[in-house]
Amino acid sequence: MPPKVNVVSLVSVGRHPQSGRSRRAEQDGRAVELGLKLSKKSLTVVHAGDSQEPVLRQYAGMGLDSLTVLPQAADGDALPVLVEFLKNSKAQVVLTGVRAESGESSGMLPYLLAEQLGWPLVPRVAEILTIKEGAAEVLLALPRGQRRSVIVSLPFIATVDNAAAEARQTAFGPGLRADLKVLNVESVTDDAMATWQISAAKPRPKRLKVVKAKTAADRMKAATAKPVGGGGKVMKNETAAEKAQAIFDLLLEEKVVR
Amino acid sequence: MILDWLPPTLIGVLLVLAGIGAIRRMNLWRAGQAEKVDFLAGLFAMPKRYLHDLHHVVERDKYMSRTHVATGGGFVLAMVLVVFVHLFGVKNEILAWALLAALVLMFCGALFVYKRRMNPPSRLSKGPWMRLPKSLLTFSITFFVLTLPAAGILPEGTGGWILTLVLSVLILMSLSEMLFGMTWGGPMKHAFAGALHLAFHRRPERFGGGRSTGLKPAALGEASHGVAKPTDFKWNQLLGFDACVQCGRCEAVCPAFAAGQPLNPKKLIQDMVVGFAGGTDKKYAGSAYPGVEVGNAKGAPDQIITNGLISSDTLWSCTTCRACVEECPMMIEHVDAIVDMRRFLTLEKGETPNKGAQVLENIIATDNPNGYSPASRTHWAADQNLNLMKDVKQADVLFWVSDGAFDMRSQRILRAFVKLMKAANIDVAILGDEELDSGDVARRLGDDAAFQSLAKRNLATLSKYSFKTIVTTDPHAFHCLKNEYGDFGSDALKGVEVLHHTTFLNRLVKEERLQLDTFKGGKVTYHDPCYLGRYNGEYEAPRELLASLGIDVAEMERSGYRSRCCGGGGGAPITDIPGERRIADMRMEDVVSTGAEMVAVGCQQCTAMLEGVVEPRPVVKDIAEILVSQLAEEVNS
């Protein structure tokens, strides 16, 4: 890695699936880990939310000297403050989890950030291989352990997939002593959220898998594979209209549009 | 006589040099952290601690205890008299005769030391220790001859200046070892450091038959946690390391050493000495850490221990079974030191190996090591009709279920114990989902922050209810509740009796509240769990329970306070440091060698470890399970 790539990892407060207790979010932890691997010195870890949240110490315990907090009330909107912060920073790579474990958990934040900043978004990154001459070679995580290598110009936003390296152990002492830089920003109320009714999520019904496998190897594959849409195809040489038609047909088939 | 001044001068000079060495050595210990010690009381108690407590441990090896009494006692007496007779020149025949007697005693002892060193067992350190018997013999013979004129046996001036010269050379040789070596780092250092170590021991409760096994709480929120450098130890811990005689009894009982994992308690203590005194381990002449070559370790008082002195794998190999501490004639606290250093690795470096990080994360997020839903803690008892403390608020007995609640094998033990309690009509309640992990694993893995958090929250829960007795089937939770929760300033366990289920059941049987049939199975042996036996001194209740079923326990060679660990303690199965063998396999070999068809256990962790040994092997059963199968069915009248 060349020196001086300014990396910003965005972290949120996770939620343990069994206990429902606050924790270091799985993917956000990986985003910090990836950031530490890229450049420990020029990594900024940013949280928009409550500066008193103890979970922030768990992120800091990964060996961060400091952690930047953009204080927001519980009903605040993280997006505008983050856009403002990133615009004024020299960030070249922004890493986030794919989606938060608590709150809206829509997975939209990186997309909205990319839209408002006008940066490219690289979804589900497994690894960032090299960064040189204003471009990064990035490995995207695909199902069944497949990887796709893409080259993206700086600055960009990347969401970090579960396939990325696991977050390192958090240590109590360094976490306790890390400096929390609480910036002076205005808390922006999320007006849309105020009108929502929030209810507990139920597990989504799963599509039944009909196992047609004849051999043990096939069954193993069926049992271990991530569910993928069966009839996918790569369209490269078709016209834009043909590609759009294919997407439209798929949406009809999946009953997303009726 | 021209050379008459020579022997007294030599004695004087060497005494002064020894004094200088003593001050130098003390300054090395003083580099450690402050620790409050009652100096006067300690010094006054020292002779008794030596003669009673230390001797009690040495006496497990009769040959050595007698040899040591003769040699050590003879030497101390002789040295005092030498000062009077030869340094101050007190002319008194009685003193001289007493000196001769002391020297003869010492000579006899030294002969046995010499004999043992002819073909020494592998646990003994060689090197300078091999020359010690010769120095002892030289000392006793030299001063014997030197004293003969003073006792009036030989006329003054016998042998002329030649004899005086020869004796002077011998005095120089033997006193260099016995006085100079004592404070400048020779084998005799054990006498000087050992005496002070006994006086200023960090756990004075251990003397006079007492027991002190709970770990000391780590101070949280300081600039660093745990022991990183030798100077982070308390000063009296450093002194304790210096007291080591390198007898290797710890090495002989260490399960990790036997399993070929890179740990040898004796080498560890010697490495600590290298650490605070500075230097390398090149001069170490005992067994190495299995698989690690001697001579490459370097240490200094302010150097991070795991950077070049010892590998962290050595620290993580320990099962905290306390066999080394139990066996150490110098009462050195190996386990305290290991956990102190683990605290640094976990709390400061975040380097708990293998599954350690995940287990600690689970404990923090779900209050159990496997990350199960806290709301499923009481599922095991769905059909047990047990009272919850939340509902009844008070009960005679609080059953501390422990994390065995999540494990299907352990649940069989829990159910068996509940059935026994019901048979005896005990007023019992459980905490249900309010109970949290005891913190045992977190603490032994070095995460004292997680342990203290669990301990305080558990104590807060306990303080809401009233009960007279707390019983658990898990010796690890038992140890935490009984010996470690007391450090957190809560009254929740004040006046409460904390019991292991075997102790509790033994009382019920003695009070005839349980009707049991005679056991008619085959031969049975009993495995003492470390945290029940060595940590809490309960060796009898399990055996009495088995005897009450008519079982004549076929004891293993290593049983009671010498029981060999199952390999399941101290987070060892989680950190899983590779060795050549598995500790549980070795323990099962012990079981098999008794010819037993069943091994009785009093710990779910031991059950899991021993049942993990491949079949065919004897059946593993908790004592509660054995009792429940012999519970006499009530006759309907």
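What you are looking at is a predicted structure, and each value in this text was computed from that prediction instead of being measured.

Draft legend 1. Here's a closer look at the overall build of chain B. Within chain B one finds 26 helices and 10 strands. When the 637 residues of chain B are sorted by exposure, 59% land in the buried category. Here the analysis covers contacts within chain B between residues at least 6 apart in sequence; of these, 79% occur between residues at least 24 apart. A total accessible area of about 25900 Å² is found for chain B, and carbon and sulfur atoms account for 57% of it. Between the averaged position of the 67 positive side-chain charges in chain B and that of its 68 negative side-chain charges there is a distance of 5 Å.

Draft legend 2. Region of interest: unusual backbone geometry. With an omega of -10°, the peptide bond between Leu 154 of chain A and Pro 155 of chain A qualifies as cis. Relative to the assigned elements, Pro 155 of chain A resides in the loop between strand S9 (147-153) and strand S10 (156-160). Residue Glu 615 of chain B is joined to Pro 616 of chain B through a cis peptide bond whose omega torsion reads 0°. A positive phi angle, near 55°, is found at Gln 246 of chain B, a position not held by glycine.

Draft legend 3. View of the pattern of salt bridges. Residue and element names in this part refer to chain B. Tallying each qualifying case throughout the model produces 50 salt bridges over all chains. The salt bridge involving Lys 189 is made with Asp 242; its shortest N-O contact spans 2.7 Å. With Lys 189 in helix H7 (residues 189-199) and Asp 242 in helix H8 (residues 235-242), the pair connects residues that are 53 residues apart, well separated along the chain. Asp 242 carries the same exposure label as Lys 189, and that label is buried. In this structure, Asp 336 and Arg 203 form a salt bridge, with 2.9 Å as the shortest nitrogen-oxygen distance. Taken as a pair, Asp 336 in helix H14 (residues 334-349) and Arg 203 in the loop between H7 and H8 lie far apart in primary sequence, 133 residues in all.

Draft legend 4. Summary view of the packing of helix H1 (residues 6-30) of chain B against helix H3 (residues 62-87) of chain B. Residue and element names in this part refer to chain B. H3 packs onto H1 with a crossing angle of 135° between their chain directions and a minimal axis gap of 9 Å. Put simply, H1 runs oblique to H3. When the axes of H1 and H3 are compared, the crossing they make is left-handed. Contacts between H1 and H3 pair Pro 8, Ile 11, Gly 12 and Leu 15 from the former with Val 82, Val 83, His 86 and Leu 87 from the latter. For the contact of H1 with H3, the class distribution of residues is six nonpolar, two polar and no charged.

Draft legend 5. Region of the structure containing the domain arrangement of chain A. Domain boundaries in chain A define domain 1 (7-194) and domain 2 (216-253). Using C-alpha coordinates to define each centre, domain 1 of chain A is positioned 30 Å away from domain 2 of chain A.

Draft legend 6. Examining the side chain of Thr 575 of chain B more closely. Residue and element names in this part refer to chain B. Here Thr 575 shows up in helix H23 (residues 572-575). A residue is classified by how much of its surface remains accessible, and Thr 575, at 1% relative accessible area, is buried. Setting aside its immediate chain neighbours within four residues, Thr 575 contacts Trp 316, Pro 353, Asn 354 and Leu 445.

Draft legend 7. The UniProt feature "domain: Electron transfer flavoprotein alpha/beta-subunit N-terminal" (unreviewed entry) in chain A, seen in detail. Per the UniProt annotation, the sites labelled "domain: Electron transfer flavoprotein alpha/beta-subunit N-terminal" (unreviewed entry) are residues 13-191 of chain A. Counted over residues 13-191 of chain A, helix gives 26% and strand 33%. Its end C-alpha atoms are 21 Å apart.

Draft legend 8. The sheet that holds strand S10 (residues 619-622) of chain B, seen in detail. Residue and element names in this part refer to chain B. With respect to topology, three strands assemble into an open sheet ordered S8-S9-S10, the strand pairing being parallel. This sheet does not close on itself; its edge strands, each paired only once, are strand S8 (524-526) and S10. Neighbour to neighbour, the strand axes of the sheet diverge by 30° on average, direction disregarded. The pairing of strand S9 (residues 598-601) with S10 spans four bridges and is parallel. The partner of Val 599 across the bridge, within S10, is Val 620.

Draft legend 9. Layout of the interface of chain A and chain B. Contact residues are listed per partner, giving 13 residues for chain A and 27 residues for chain B. Contact between chain A and chain B buries roughly 1400 Å² in total, counting both sides, with carbon and sulfur atoms accounting for 50%. In this assembly, chain A and chain B are joined by three salt bridges. Its salt-bridge partner being Arg 21 of chain A, residue Asp 367 of chain B comes within 2.5 Å of it at the nearest N-O pair. Top element by residues in the side of chain A that touches chain B is helix H5 (residues 172-177) of chain A. It accounts for five residues. Residue composition of the side of chain A that touches chain B, grouped by class: four nonpolar, six polar and three charged.

Draft legend 10. Expanded view of helix H3 (residues 78-88) of chain A. Residues and elements named next belong to chain A. Residues of H3 that are buried: Leu 79, Val 81, Leu 82, Val 83, Phe 85 and Leu 86. Buried residues along H3 sit in contact with strand S1 (7-10), strand S4 (43-49), strand S5 (66-71), strand S6 (93-97) and helix H4 (109-117). One side-chain oxygen at the N-terminal end of H3 lies 3.1 Å from the backbone nitrogen of Leu 79; it belongs to Asp 77.

Draft legend 11. Representation of the domain arrangement of chain B within the structure. Annotation of chain B at the domain level lists domain 1 (6-192), domain 2 (223-349), domain 3 (371-510) and domain 4 (524-629). For domain 1 of chain B versus domain 4 of chain B, the distance between C-alpha centres works out to 44 Å.

Draft legend 12. Broad picture of the packing of helix H21 (residues 501-510) of chain B against helix H22 (residues 540-548) of chain B. Residues and elements named next belong to chain B. Packing of H21 against H22 leaves a shortest axis separation of 8 Å and a crossing angle of 40°. On the basis of their axis angle, the class for H21 and H22 is oblique. As H21 runs across H22, the sense of the crossing is left-handed. Here H21 contributes Thr 502, Thr 503, Leu 505, Asn 506, Val 509 and Lys 510 to the contact with H22, which in turn contributes Ala 541, Pro 542, Glu 544, Leu 545 and Ser 548. The class makeup of the residues in the contact of H21 with H22 is five nonpolar, four polar and two charged.

Draft legend 13. Local environment of the pairing of strand S6 (residues 466-472) of chain B. All names here are of chain B. The buried fraction of S6 is high, at five of seven residues. Bridge count for strand S4 (residues 394-400) against S6 is six bridges, and the pairing is parallel. Bridging from a neighbouring strand, Ala 395 pairs with Phe 467 of S6. Regarding topology, helix H20 (residues 475-484) serves as the crossover connection from S6 to the parallel strand S7 (residues 497-500), and that connection is right-handed.

Draft legend 14. Structural context of the UniProt feature "transmembrane region" (unreviewed entry) in chain B. Residues and elements named next belong to chain B. Mapped onto the present numbering, the UniProt feature "transmembrane region" (unreviewed entry) falls at residues 6-23, 69-88, 94-114, 135-154 and 160-180. Span residues 94-114 is 100% helix and 0% strand, its end C-alpha atoms 30 Å apart. Note that residues 160-180 is 100% helix and 0% strand, and that its end C-alpha atoms are spaced 28 Å apart.

Draft legend 15. Expanded view of the sheet that holds strand S3 (residues 387-388) of chain B. Residues and elements named next belong to chain B. Pairing in this open sheet of five strands is parallel, and the strands run S3-S5-S4-S6-S7 from one edge to the other. The outermost strands of the open sheet, each flanked by one partner alone, are S3 and S7. Across three bridges, the pairing between S4 and strand S5 (residues 428-430) is parallel. Opposite Val 397, over in S5, you have Val 428 as the bridge partner. Against the sheet, H20 touches S4, S6 and S7, its axis set at about 160° to S7.

Draft legend 16. Structural context of the packing of aromatic side chains. Residue and element names in this part refer to chain B. Under the definition given, this model contains 17 aromatic pairs over all chains. Their ring planes at 15° and their centres at 5.1 Å tell us that Tyr 372 and Phe 406 sit as a pair that is stacked. Of the two residues, Tyr 372 sits in the loop between helix H15 (356-366) and S3 while Phe 406 sits in the loop between S4 and helix H17 (408-423), which places them 34 residues apart along the sequence. For Tyr 372, a relative accessible area of 37% puts it in the partly exposed group. Note on Phe 417 and Phe 504: the rings are 6.2 Å apart at their centroids and 75° apart in plane angle, and the pair reads as edge-to-face. Placement of the pair is Phe 417 in helix H17 and Phe 504 in helix H21, with a sequence separation of 87 residues. One aromatic cluster in this structure is built from Trp 380, Phe 399, Phe 417 and Phe 504. The ring of Tyr 284 has Lys 267 lying over it, and the distance from NZ or CZ to the ring centre is 5.3 Å. Over the face of the ring belonging to Tyr 535 we find Arg 322, whose NZ or CZ atom lies 5.6 Å from the ring centre.

Draft legend 17. Region of interest: a nonpolar patch on the surface. Residue and element names in this part refer to chain A. Among the surface-exposed residues, Ile 247, Phe 248, Leu 251, Leu 252, Val 256 and Val 257 lie close enough to one another that they form a single nonpolar patch of about 500 Å² accessible area. The topology assignment puts Val 257 in the segment after helix H8 (240-253). What makes Val 257 partly exposed here is its relative accessible area of 31%.

Reading the values: the criteria
- Residues numbered from 1 in each chain as written.
- Chains lettered and ligands numbered in written order.
- Predicted model: local features only at pLDDT ≥ 70, side-chain atom pairs only at ≥ 80, totals over all residues.
- Heavy atoms only, no water.
- Helix = DSSP H or I, 4+ residues; strand = E, 2+ residues; numbered from the N terminus.
- Buried < 20%, exposed > 50% of the residue type's maximum accessible area, 1.4 Å probe, protein only.
- Contact = heavy atoms within 4.5 Å.
- Areas by Shrake-Rupley, 256 points an atom, 1.4 Å probe, with all protein chains shown as cover.
- Lys, Arg positive; Asp, Glu negative; His and termini not counted.
- Charge placed at Lys NZ, Arg CZ, Asp CG, Glu CD.
- Salt bridge = Lys/Arg side-chain N within 4 Å of Asp/Glu carboxyl O.
- Axes fitted to C-alpha atoms, helices over the stretch in contact; angles between N-to-C directions.
- Parallel < 35°, antiparallel > 145°, perpendicular 65-115°, else oblique.
- Left-handed = near helix turned anticlockwise from the far one by under 90°.
- Nonpolar A, V, L, I, M, F, W, Y, C, P; charged D, E, K, R; others polar.
- Domains from an automatic or database assignment.
- UniProt positions renumbered as here; feature names shortened; annotations may be inferred.
- Pairing = 2+ DSSP bridges.
- Buried area = accessible area lost by both parts, 1.4 Å probe.
- Polar contact = N/O pair within 3.5 Å; in protein donor to acceptor, adjacent residues only side chain to side chain.
- Right-handed = clockwise from strand over helix to strand, strands pointing away.
- Phe/Tyr/Trp six-rings, centres within 6.5 Å; stacked < 30°, edge-to-face > 60°.
- Lys NZ or Arg CZ within 6 Å of the ring centre and 35° of its normal.
- Patch = residues over 30% accessible without salt bridge, like charges linked within 9 Å, V, L, I, M, F, W, Y side chains within 5 Å.

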